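Here is what each chain is made of, one letter per residue.
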Amino acid sequence: MATIAEATAERPARRDVLSGTPRAHAVDRWIYVFMAASFIAIVLAGFIPSSLEQIKAVETGARPPFPMVLHAHAVLMGSFLLLLFAQTLLVAMGRCDLHRRLGVAAMVIVPAMVVAGFILAPTSYHSLWNAAQAAPPEARESLQGTLAFVENILLVQIRIGILFPLFIAIAMRARRGDAGLHKRMMILATAMALPAGIDRIPWLYTSLPASPLTPDLYMLVAISPMVIWDVVRNGRVHHAYWIWLAVNLPFALAVHGLWGTAWWHSTARQLMGV
């Protein structure tokens, strides 16, 4: 990780019209603000209807109450998205001094998010496992199917849990020597967590539970405005995208290759201790 960041931070600078001043086009300043705002919109579009549905299920006794770690994870993720929006807004407004001071908060929020996520995954799994074991025979088959799907989702959660902090670390390492890599990688790192919101948008077509294809495709669509504008303005694909793709692709192939296999279901249950 450090090697990647150091190599990119120390390479000879190429002209990047989306970084530094002056920037000839207003979109150059505001594209990152738009990306952060669109990510918030995606998460709200997915989690608001899903949360309302689950709250109703808790009230009717159809599911157990939410664990505290779920609330903590939701607050942390919301805080990070708002921080990202504030940071992009500050840079667009030329307040880089406040941007640098506020950025320290990410060093607290991101590790806390990762820890909460790795606690939440087994907590949710064990809750569903216990419900499946205690369910009457007529409901057990349905819960077993849900359990198998959750085991597949663990692949996505592991991928996010590894790559999100890795890309954030690369971004933070590059913040002094390569502003272009820093800002793009912060957006790309955040995009890794978008499937959690995208999968919950009720009106979107989804390949789940059969395949994790559409979450990956929608994630690419979500970052496409930034990538397209970048290529249009700079005339090339910035090295941040190549780093993101090179690191991300092996994990994506592993998720798709293991999805639904008997070996993975067996391994997932061993990892969960059941």
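Residues numbered from 1 in each chain as written. Predicted model: local features only at pLDDT ≥ 70, side-chain atom pairs only at ≥ 80, totals over all residues. Heavy atoms only, no water.

Engineer: Report on the packing of helix 9 (residues 213–234) against helix 10 (residues 239–258), specifying residues and quantitative values.
Structural biologist: Two quantities define a packed helix pair, namely the angle between the axes and the distance from one axis to the other. Between helix 9 and helix 10, the shortest axis-to-axis distance is 13 Å and the interhelical angle comes to 170°. The angle between helix 9 and helix 10 places the two elements in the roughly antiparallel class. Between helix 9 and helix 10, the residues in contact are Leu213, Asp216, Met219, Leu220, Ile223, Met226, Val227 and Asp230 and Tyr241, Trp244, Asn248, Ala252 and His256, respectively. Broken down by class, the residue content of the contact of helix 9 with helix 10 amounts to nine nonpolar, two polar and two charged. (Axes fitted to C-alpha atoms, helices over the stretch in contact; angles between N-to-C directions. Helix = DSSP H or I, 4+ residues; strand = E, 2+ residues; numbered from the N terminus. Parallel < 35°, antiparallel > 145°, perpendicular 65-115°, else oblique. Contact = heavy atoms within 4.5 Å. Nonpolar A, V, L, I, M, F, W, Y, C, P; charged D, E, K, R; others polar.)

Engineer: Explain the nonpolar core to me, and be specific about the residues and the numbers.
Structural biologist: Counting residues in hydrophobic clusters, the biggest one holds 70 residues, and the most contacted among them are Phe39, Phe164, Phe167 and Met185. Secondary structure elements with two or more residues in this core: helix 2 (26–59), helix 3 (68–92), helix 5 (106–134), helix 6 (137–173), helix 7 (179–191), helix 9, helix 10 and helix 11 (262–271). Take this core: its biggest share by element is 13 residues, from helix 6. The residues contacting Phe39, other than those within four sequence positions of it, are Leu81, Leu84, Ile187, Thr190, Ala191, Leu194, Ala222 and Ile223. (Core = buried A, V, L, I, M, F, W, Y, C linked by side-chain atoms within 4.5 Å. Buried < 20%, exposed > 50% of the residue type's maximum accessible area, 1.4 Å probe, protein only.)

Engineer: Describe in detail helix 9, supporting the description with residues and values.
Structural biologist: A rise of 1.5 Å per residue sets the reference length of helix 9, with its 22 residues, at 32 Å; its end C-alpha atoms lie 30 Å apart and thus fit the reference within 8%. Maximum bend of helix 9: about 50°, positioned at Ser224, with proline Pro225 one to four residues after it. Considered for burial, the residues of helix 9 that qualify are Thr214, Pro215, Asp216, Met219, Ala222, Ile223, Met226, Trp229, Asp230 and Asn234. Elements that come into contact with the buried residues of helix 9 comprise helix 2, helix 6, helix 7, helix 8 (195–198) and helix 10. Once helix 9 finishes, Gly235 follows within two positions and takes phi at roughly 75°, a positive value. (Expected span 1.5 Å × (residues − 1). Bend = angle between axes of the 7 residues up to and from the residue.)

Engineer: Describe the packing of aromatic side chains, naming the residues involved and giving the relevant values.
Structural biologist: The description of an aromatic ring pair rests on the distance of the ring centres and on the angle between the ring planes. Here the structure, examined in full by the defined rule, presents two aromatic pairs. For the pair Phe80 and Phe164, a centre-to-centre distance of 5.4 Å together with 85° between the ring planes defines the contact as edge-to-face. Of this pair, Phe80 sits in helix 3 while Phe164 sits in helix 6; the two residues are 84 residues apart in sequence, bridging distant segments of the chain. Phe164 shares its class with Phe80; the two are buried. A ring pair is formed by Tyr125 and Trp129, whose centres lie 6.4 Å apart and whose planes are at 20°; its orientation type is stacked. Residue Tyr125 and its partner Trp129 are both found in helix 5; the two are separated by four residues, about one turn of the helix. A single burial state applies to Tyr125 and to Trp129, both of which are buried. (Phe/Tyr/Trp six-rings, centres within 6.5 Å; stacked < 30°, edge-to-face > 60°.)

Engineer: Quick rundown of helix 2? Include the residues and the values.
Structural biologist: With 34 residues, helix 2 should cover 50 Å at 1.5 Å per step; its first-to-last C-alpha distance of 49 Å lies within 8% of that length. Residue Tyr32 marks the point of greatest curvature in helix 2, where the axis turns by about 25°. Looking one or two residues beyond helix 2, the residue adopting positive phi is Gly61, at roughly 80°.

Engineer: Requested: an account of the packing of helix 2 against helix 7, with residues and values cited.
Structural biologist: Packing of helix 2 against helix 7 brings their axes to within 11 Å, and their N-to-C directions diverge by 15°. Classified by the angle their axes make, helix 2 and helix 7 are roughly parallel. Relative to helix 7, helix 2 is oriented so that their crossing is left-handed. Along the contact surface, helix 2 presents Tyr32, Met35, Ala36 and Phe39, while helix 7 presents Lys183, Arg184, Ile187, Thr190 and Ala191. Tallied by class, the residues present in the contact of helix 2 with helix 7 amount to six nonpolar, one polar and two charged. (Left-handed = near helix turned anticlockwise from the far one by under 90°.)

Engineer: Any details on the environment of Phe47? Residues and values, ideally.
Structural biologist: Tracing the sequence through the fold places Phe47 in helix 2. Beyond its immediate stretch of four places on either side in the chain, Phe47 contacts Ala196, Gly197 and Arg200.

Engineer: Any details on the environment of His25? Residues and values, ideally.
Structural biologist: Along the polypeptide, His25 turns up in the loop between helix 1 (2–10) and helix 2. Through-space distance from the C-alpha of His25 to that of Arg233 is 9.2 Å; in sequence the pair is 208 residues apart. Other than its neighbours up to four places away in sequence, His25 contacts Trp229 and Arg233.

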